[in-house]
Amino acid sequence: MNNLIQNIKVYGLSGLLACSTASCETGLHGKKALDESKKDALETVDYKNLPVNEYDRLLTGEKQVSKSIWAWDNNVKAIRYWDSIKTDALVKKAYQEGAQMVRDSIAKANLQKIAADSLKHVK
């Protein structure tokens, strides 16, 4: 009897949690989360400097990933899409900064070698 009551509590709370989670992704909460994710991604990508066709491609991508009949599923997919766009932009930026650091250190090392070699010839 205790197991039955315990199972009812667990399944009841699980169902309640699932319903509340889905409701957070629809309506105003889901729309707000989607708008924030989209805004962050576009700022990270620096959308103001993107060509028009690239900006349109990003917006079309959002529409293509969210074709579910469930509104919460559309929001989740669209949020994941914008998060992946932001992540991709951050990774590319970090790679470019790292590559520039390597180029700078190589240039600095070469300058130090040139200076050292030229000082050897000065007497």
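None of these values were measured; they are calculated from a predicted model.

**Section: the overall build of the protein chain**
- Tallying secondary structure elements over the protein chain gives four helices and zero strands in all.
- Beginning at the N terminus, the succession of helices and strands in the protein chain can be written as α-α-α-α.
- When each of the 123 residues of the protein chain is scored for burial, the buried share is 16%.
- A separation of at least 24 residues holds for 62% of the contacts in the protein chain among residues at least 6 apart in sequence.

**Here we look at a negative patch on the surface**
- On the surface, a cluster of negative charge is made up of Glu36, Asp40, Glu43 and Asp83.
- Ranked by the residues each element gives to the negative patch, the list is headed by helix 2 (residues 27–45), at three residues.
- One can find Asp83 in helix 4 (residues 71–121).

**So, the layout of surface pockets**
- Roughly 240 Å³ of internal volume is contained in the largest pocket.
- Forming the boundary of the largest pocket are Thr44, Val45, Leu50, Glu54, Arg57, Leu58, Ile85, Asp88, Ala89, Lys92, Lys93 and Gln96.
- Listed by contribution, the elements that provide at least two residues to the lining of the largest pocket are helix 2, helix 3 (52–65) and helix 4.
- It is helix 4 that contributes the most residues to the lining of the largest pocket, six residues altogether.
- Of the residues that constitute the lining of the largest pocket, the class distribution is five nonpolar, two polar and five charged.

**Details of the confidence of the model for the protein chain**
- Averaged over every residue, the pLDDT of the protein chain is 78; the share at 70 or more is 72%.
- For the protein chain, the element scoring lowest by mean pLDDT is helix 1 (residues 2–24), at 52; helix 3 scores highest, at 88.
- Counting interchain partners and residues more than four positions distant, the pLDDT-below-50 stretch residues 19–24 has three contacts.

**Examining the nonpolar core**
- Leu34, Ala41, Leu42, Leu58, Ala78, Ile79, Tyr81, Trp82 and Ile85 together form the largest nonpolar core, which totals nine residues.
- In terms of residue count, the dominant contributor to this core is helix 4 (five residues).
- Beyond its immediate stretch of four places on either side in the chain, Leu58 contacts Leu42, Val45, Leu50, Tyr81, Trp82 and Ile85.

**Quick word on the environment of Glu36**
- Along the chain, the position of Glu36 falls in helix 2.
- Considering only alpha carbons, one finds Glu36 and Ile79, 43 residues apart in sequence, at a separation of 8.9 Å.

**Side note on helix 3**
- For helix 3, which comprises 14 residues, the first-to-last C-alpha distance of 20 Å matches the rise-based estimate of 20 Å (1.5 Å per residue) to within 8%.
- For helix 3, the complete set of buried residues consists of Leu58, Gly61 and Glu62. The arc that holds every buried residue of helix 3, seen down its axis, measures 100°, which confines them to one face. Within helix 3, the exposed residues directed more than 90 degrees away from the buried face are Val52, Asn53, Lys63 and Gln64.

Parameters at a glance
Residues numbered from 1 in each chain as written. Predicted model: local features only at pLDDT ≥ 70, side-chain atom pairs only at ≥ 80, totals over all residues. Heavy atoms only, no water. Helix = DSSP H or I, 4+ residues; strand = E, 2+ residues; numbered from the N terminus. Buried < 20%, exposed > 50% of the residue type's maximum accessible area, 1.4 Å probe, protein only. Contact = heavy atoms within 4.5 Å. Patch = residues over 30% accessible without salt bridge, like charges linked within 9 Å, V, L, I, M, F, W, Y side chains within 5 Å. Areas by Shrake-Rupley, 256 points an atom, 1.4 Å probe, with all protein chains shown as cover. Salt bridge = Lys/Arg side-chain N within 4 Å of Asp/Glu carboxyl O. Lys, Arg positive; Asp, Glu negative; His and termini not counted. Charge placed at Lys NZ, Arg CZ, Asp CG, Glu CD. 1 Å grid on protein atoms, 1.4 Å probe; cavity = no way out; pocket = protein on both sides within 12 Å on 5 of 7 lines; lining within 4 Å. Points joined across faces, edges and corners; volume = space filled by probe spheres on them. Nonpolar A, V, L, I, M, F, W, Y, C, P; charged D, E, K, R; others polar. pLDDT = per-residue confidence, 0-100. Core = buried A, V, L, I, M, F, W, Y, C linked by side-chain atoms within 4.5 Å. Expected span 1.5 Å × (residues − 1). Arc of directions from axis to C-beta.

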